[in-house]
Amino acid sequence: MYKLYNVKAWGSISIHCLLEEMEVPYTNIWMTAEQVRAPEFREFSPLGMIPALGLADGRTLYESAAIVSFLVAAHPDKQMSPQLGSEAYGDFMSLLHMMSTELYPTISLAFGGNAYAQTPEQDAFIVETAEARADTYWKLLEKRLTKATPWLMGRDFSALDIYAFMLSIWGRPSETALHGKFPAIAKLAASVRARPKLKAVLESHGVLELGGYPA
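Q: Looking at this structure, how should I read the sheet that holds strand E2 (residues 26-30)?
A: Across a sheet, strands are paired by hydrogen bonds formed along the backbone, either parallel or antiparallel in direction. An order of E2-E1-E3-E4 is seen for the 4 strands of this open sheet, with the pairing classed as mixed. Looking at the sheet topology across the chains shown, the edges are occupied by E2 and strand E4 (60-62). For this sheet the average axis-to-axis angle between neighbouring strands, irrespective of direction, equals 20°. Pairing between strand E1 (residues 2-6) and strand E3 (residues 52-54): 3 bridges, direction antiparallel. The residue bridging Lys3 from the neighbouring strand is Gly54, located in E3. Seen against the sheet, helix H1 (residues 13-22) touches E1, E2 and E3 and runs at an angle of roughly 145° to E1.

Laid out in structure tokens, this is it:
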């Protein structure tokens, strides 16, 4: 059985939703920000970051995209990705890693309070630049959704849609503003929120309703 180390509305929400959609056994371990920052947590997650997924053999996975990749490969019968090794799977992986390595960190920078800034003026510049940069990635996803409706992989709901939804709840300057700029993203988010298996999970994270994540 898996162990999910989880913080409400943090990056573990994508893994929490995926586990629920796949209906695989797991234990959910709610954590606070203080517990995540504690040195003891690095025994499970060497980077001291959420999410972390404990495996049956005692090992722990970290990095959200790596955990998604592992779960869809470990449970191909759940059909949360295209067939492993197929061309469509390569497309799936490209989108997953674009979101995790480009969009995700850019959104994080757009929240401000950056360690890279030495002055408030520098921080404001980073926030403005990051918001604009994030929009370029959202435009890529928006364009794809207008061609491959209703989901990022076309007719088939997949882990990509959960991942994109997670990122959208952190939209800057707000989720509502993001939806106003990108109507296809708004439609995807509404469709994810409407999935029966995810209602309880999204309620537990406080994001079942639009704008649940504090701006």
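Q: Where do I start with the nonpolar core in this structure?
A: Membership of the largest hydrophobic core comes to 59 residues, with the highest contact counts inside it found for Leu19, Leu71, Met99, Trp138, Leu141 and Leu167. Contributing elements (two or more residues each) for this core: E1, H1, helix H3 (64-74), helix H4 (87-109), helix H5 (120-147), helix H6 (159-169), helix H8 (183-193) and helix H9 (199-205). Contacts of Met99, omitting those with residues within four sequence positions, involve Tyr104, Leu141, Leu152, Leu160, Tyr163, Ala164 and Leu167. Core analysis: the next-biggest nonpolar cluster, separate from the first, contains 7 residues, Val7, Met31, Phe41 and Ala52 among them.

Q: What is the right way to look at the environment of Phe92 in this model?
A: Along the chain, Phe92 falls in helix H4. In the structure, Phe92 is positioned 11 residues away from Ser81 in sequence and 7.2 Å away in space, judged by C-alpha atoms. Non-local contacts of Phe92, meaning those with residues more than four positions away in its chain, are made with Val72, Met80, Ser81, Pro82, Met153, Ser158, Ala159 and Leu160.

Q: In this structure, what is going on with the packing of aromatic side chains? I would like to understand it.
A: To describe a pair of aromatic rings, one takes the distance between the centres and the angle between the planes. Under the defined criterion, the tally for this structure stands at 8 aromatic pairs. Seen from their ring centres, Tyr89 and Phe92 are 5.8 Å apart, and the 15° between their planes marks the pair as stacked. With Tyr89 and Phe92 both in helix H4 and 3 residues apart, this pair spans about one turn of that helix. Note on accessibility: Tyr89 and Phe92 belong to one class, buried. For the pair Tyr104 and Trp170, a centre-to-centre distance of 5.2 Å together with 45° between the ring planes defines the contact as tilted. Here the residue Tyr104 occupies a position in helix H4, and Trp170 occupies one in the loop between H6 and helix H7 (175-181), the gap between them amounting to 66 residues. By relative accessible area, which is 18% here, Tyr104 ends up buried. Through a chain of ring-to-ring contacts, the aromatic side chains of Tyr5, Phe41 and Phe44 assemble into a single cluster. Lying over the aromatic face of Phe111, Arg172 brings its terminal NZ or CZ to 3.9 Å of the ring centre. Across the ring face of Phe157, the terminal group of Arg195 is positioned such that the distance to the ring centre comes to 3.6 Å.

Q: Would you mind going over the pairing of E1 with me for this structure?
A: Put simply, side chains in a regular strand alternate between the two faces of the sheet. The element E1 is extensively covered by neighbouring structure, given that 4 of its 5 residues are classed as buried. Bridge count between E1 and E2: 5 bridges; the pairing is parallel. Bridge pairing in E2 places Asn6 opposite Trp30. Assessed by its sense of winding, the connection that carries the chain from E1 through H1 to E2 is right-handed.

About the criteria used
- Residues numbered from 1 in each chain as written.
- Predicted model: local features only at pLDDT ≥ 70, side-chain atom pairs only at ≥ 80, totals over all residues.
- Heavy atoms only, no water.
- Pairing = 2+ DSSP bridges.
- Helix = DSSP H or I, 4+ residues; strand = E, 2+ residues; numbered from the N terminus.
- Axes fitted to C-alpha atoms, helices over the stretch in contact; angles between N-to-C directions.
- Contact = heavy atoms within 4.5 Å.
- Core = buried A, V, L, I, M, F, W, Y, C linked by side-chain atoms within 4.5 Å.
- Buried < 20%, exposed > 50% of the residue type's maximum accessible area, 1.4 Å probe, protein only.
- Phe/Tyr/Trp six-rings, centres within 6.5 Å; stacked < 30°, edge-to-face > 60°.
- Lys NZ or Arg CZ within 6 Å of the ring centre and 35° of its normal.
- Right-handed = clockwise from strand over helix to strand, strands pointing away.

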